[in-house]
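# Structural description and commentary
Here is what each chain is made of, one letter per residue.
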Amino acid sequence: MNAILIWASMFCAAPVFEPVAVPLPNGTSTIFLARADEDEAADVFLLQGRRMTIRLDAGGERRVSLPEGVGAFDVADLDADGRSEILAIRGNEVIQIDTLTSASAEAPPRVLFRAESLYSAPSPDPFPQVLVTTFNLQLCVVLPVSGALRAYSIEGTLLEEFAVPAADSGQPALREGIDVVALTRPGTAPAGETWLKCYQTIEMAPNLPAELAPSPASHFTTWSKSHEAAAPEGEEPLPAGMETGEYAGSWHCTSLQEDPARMRMLLCRPDDAGNTLVFLHDIPLISGELNWAEAKRSPIRKYPGRILTEGFDPLPSYNQKADFNGDGFVDLVLTDAPRPGTSVDSLVRTVLGRTWPLRLTVHLFVPEKERFDPKPFGVIDCKIPVTWFFGRQPLRNVCIADFDGDKSTDLGFSAEESEFQVWLAADGFADQPDWSYKFPGPIESIETAADIAGNGAMSLLLRCERTLFLLRAP
């Protein structure tokens, strides 16, 4: 660990993150965060095959073997002792597995009750799933059956059965191969597809009946990838009847603000001159239905730079909506770079320099003017490898999240392959990153982001080739 910390470069007295290195086993692993012991911090769970390794936040390590035949499992405090257990499905058995037994004296699993479910079928590999939640303020186990969800007490008493809409009703349906939260099971993803990711129980709750509140226990998971898939473009066509005049064509679309009385959409697309075109679409809601007859559109306005897609509409699920002043409205994040001259000398200098300047600007939404402020709220200047301009995004490992718990989003990204920077949004951005860390090798991906301390500050899991780094917010 000391050798790793030598690589660190801090720019502030109080670090944004405390890096913790976790060696990765060889082969594909499922990685997730959950609370295992009594403290409030999350611990790192590594699942390889049926072997679970738990790296405790307080130090130390535990190893647990998931029995043969276990498919779906969850991590939750089942007996209210402050420590989490593993609840798993093995055929028709719902079993409990202790996580904090010593490595030399693993406790045998205990059968809680027996119940038929769609998880009863044999599974080649265990996979994390939302099984434990609450019903009428009581901890319960939710199991899918054909056409319904059943909520059981921890002792096995059937508390309630919820009908699941039929597949042709337009509502999410439950069927073989599709679980409660519609995740692709590990090992069943077709070639060429990327496994879906899930991050927080609360994000998956809308797929459950309204009567089932999300579990109070923090639970964060991420699948490792089996195959790489083409990144989605993130563009959505306008509704029928709007493809006319200057509004015609495809626009990138996201919600401007959460409002129960109306749908407020922000639409944007690039032009041919390096700018971003933006307009607002306001659609009233009547009895939950969109009232297109009363819909209003703002004029199309132009801002210099290209939209930072990964932060504007968070395609990776660990990104939050860009809201740098915490007012509830989405803000614009744009990137712009000076173009090299067309002379031979200019092009040669660009190639030999290997890096090129990039500017990020944030434009806040101004509600009283119903537009984005043309004057940037904050500006970040950096240099990135020239070759990165040939990719889909000029920046790598972009993460927009609240890193310091002040209820406004901040910006994190890599300006070189082995470094991660964090810029905190206060009254704009500082001249230098508020936090920067030099890793011992290239960063492969951000696995997930989670508020593991419960104080609103997001921590990150970053993957390098042989090591997982938990960047834990203090």
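This is a predicted model, so every value here is computed, not measured.

## Observations regarding unusual backbone geometry
Even without a glycine there, the phi angle at Glu370 is positive, about 55°. Examined against the element boundaries, Glu370 turns out to sit in the loop between strand E28 (365–366) and strand E29 (371–372). What makes Glu370 partly exposed here is its relative accessible area of 34%. Unlike most non-glycine residues, Lys407 shows phi in positive territory, near 70°. Following the sequence through the fold, Lys407 ends up in the loop between strand E31 (396–401) and strand E32 (410–414). Using a relative accessible area of 74% as the deciding quantity, one classes Lys407 as exposed.

## Considering the side chain of Ser123
Position of Ser123 relative to the elements: it lies in the loop between strand E10 (110–114) and strand E11 (127–128). Every residue in contact with Ser123, bar those within four places of it in the chain, is listed here: Arg50, Val70 and Gly71.

## Here's the deal with the environment of Leu290
Structurally, Leu290 can be placed in strand E22 (residues 289–290). For Leu290, a relative accessible area of 29% puts it in the partly exposed group. As a C-alpha pair, Leu290 and Ala261 span 29 residues in sequence and 9.9 Å in three-dimensional space.

## Some words on the pattern of salt bridges
Scanning the entire structure with this criterion turns up 13 salt bridges. The residue Arg463 makes a salt bridge to Glu447 at a minimum N-O spacing of 3.1 Å. Placement of Arg463 in strand E36 (residues 459–463) and of Glu447 in strand E35 (residues 445–450) is noted, with a sequence separation of 16 residues between them. As far as the burial class goes, Arg463 and Glu447 line up, both buried.

## A look at the pairing of strand E26 (residues 332–336)
The element E26 is largely enclosed, with a buried count of four among its five residues. Relative to E26, strand E25 (residues 306–307) is paired through two bridges, and the arrangement is antiparallel. Note that in E26 the partner of Arg306 across the bridge is Thr335. Both E26 and strand E27 (residues 355–363) contribute to a ladder of five bridges, which runs antiparallel. Bridge pairing in E27 places Asp336 opposite Arg359.

## With respect to the sheet that holds strand E2 (residues 18–23)
Taking strand neighbours across the sheet as the criterion, the four strands line up as E2-E37-E36-E35 in an open arrangement whose pairing is antiparallel. Two strands in the sheet have a free side with no partner beyond their single neighbour: E2 and E35. Each strand of the sheet is rotated relative to its neighbour by a mean of 20°, with strand direction disregarded. Relative to E36, E35 is paired through five bridges, and the arrangement is antiparallel. By the bridge assignment for E36, Ala450 is matched with Ser459.

Calculation rules
Residues numbered from 1 in each chain as written. Predicted model: local features only at pLDDT ≥ 70, side-chain atom pairs only at ≥ 80, totals over all residues. Heavy atoms only, no water. Helix = DSSP H or I, 4+ residues; strand = E, 2+ residues; numbered from the N terminus. Buried < 20%, exposed > 50% of the residue type's maximum accessible area, 1.4 Å probe, protein only. Contact = heavy atoms within 4.5 Å. Salt bridge = Lys/Arg side-chain N within 4 Å of Asp/Glu carboxyl O. Pairing = 2+ DSSP bridges. Axes fitted to C-alpha atoms, helices over the stretch in contact; angles between N-to-C directions.

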